[in-house]
Amino acid sequence: QVQLVESGGGLVQAGGSLRLSCTASGRTSSIIGMGWFRQAPGKEREFVAHIGWRGLSPYYVDSVKGRFTLSRDNAKNTMYLQMNTLKPEDTAVYYCAARNYLRDFDRPSGYDYWGQGTQVTVSS
């Protein structure tokens, strides 16, 4: 079993920055990758970014490329999402996720564990 805890959400003005963190605990040796999804009210959960734990490079959805940056600290079992130049359309609950099998990493069904979510709100 793996537990995930997100932090770093909040309220910022358009153009501002936030840094999200996701720390894994439990049987973390089973993790092969971690990712971020987001969900706005009334919308489906959408893929944001993914980073492999065993050599895979970060991958981003087109809408955040050049603005968001993923990083990881394997020793701390922590993944970070640096979000710059935030836009109102980035407003959503952001969920950290982890997977332990080789599946599609841009779909929620590809992940085995989920955090509780952290709210990101970007004002105009």
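Scroll up to find the structure.
Residues numbered from 1 in each chain as written. Predicted model: local features only at pLDDT ≥ 70, side-chain atom pairs only at ≥ 80, totals over all residues. Heavy atoms only, no water.

Visitor: Requested: an account of the pairing of strand E5 (residues 46–52), with residues and values cited.
Guide: For a regular strand, side chains alternate in direction, first toward one face of the sheet and then toward the other. In terms of residue burial, E5 counts as a mostly covered element, since six of its seven residues are buried. Where strand E4 (residues 33–39) meets E5, six bridges bridge the pair, whose relative direction is antiparallel. If you follow glycine 33 over to E5, its bridge partner there is glycine 52. A loop of six residues connects E4 with E5, the two strands running antiparallel in sequence, and glycine 42 in this loop sits at a positive phi of about 75°. Where E5 lies against strand E6 (residues 59–60), two bridges are found, and the strand directions are antiparallel. Residue pairing for E6: alanine 49 is matched across the bridge by tyrosine 60. Taken together, E5 and the strand that follows it, E6, pair antiparallel across an intervening segment of six residues, in which glycine 55 is found at a positive phi of about 110°. (Buried < 20%, exposed > 50% of the residue type's maximum accessible area, 1.4 Å probe, protein only. Helix = DSSP H or I, 4+ residues; strand = E, 2+ residues; numbered from the N terminus. Pairing = 2+ DSSP bridges.)

Visitor: Hey, could you go over the packing of aromatic side chains for me, with residue numbers and the actual values?
Guide: One pass over the full model with this rule turns up seven aromatic pairs. Summarising the aromatic geometry, the rings of tyrosine 59 and phenylalanine 105 are spaced 5.4 Å apart at their centres and angled 70° between planes, so their arrangement reads as edge-to-face. Of the two residues, tyrosine 59 sits in strand E6 while phenylalanine 105 sits in the loop between strand E9 (92–99) and strand E10 (113–114), which places them 46 residues apart along the sequence. Linked through ring pairs, Phe37, Phe47, Tyr59, Phe105, Tyr111 and Trp114 together constitute an aromatic cluster. If you follow arginine 72 out to its NZ or CZ, it ends over the ring of tryptophan 53, 5.9 Å from the centre. (Phe/Tyr/Trp six-rings, centres within 6.5 Å; stacked < 30°, edge-to-face > 60°. Lys NZ or Arg CZ within 6 Å of the ring centre and 35° of its normal.)

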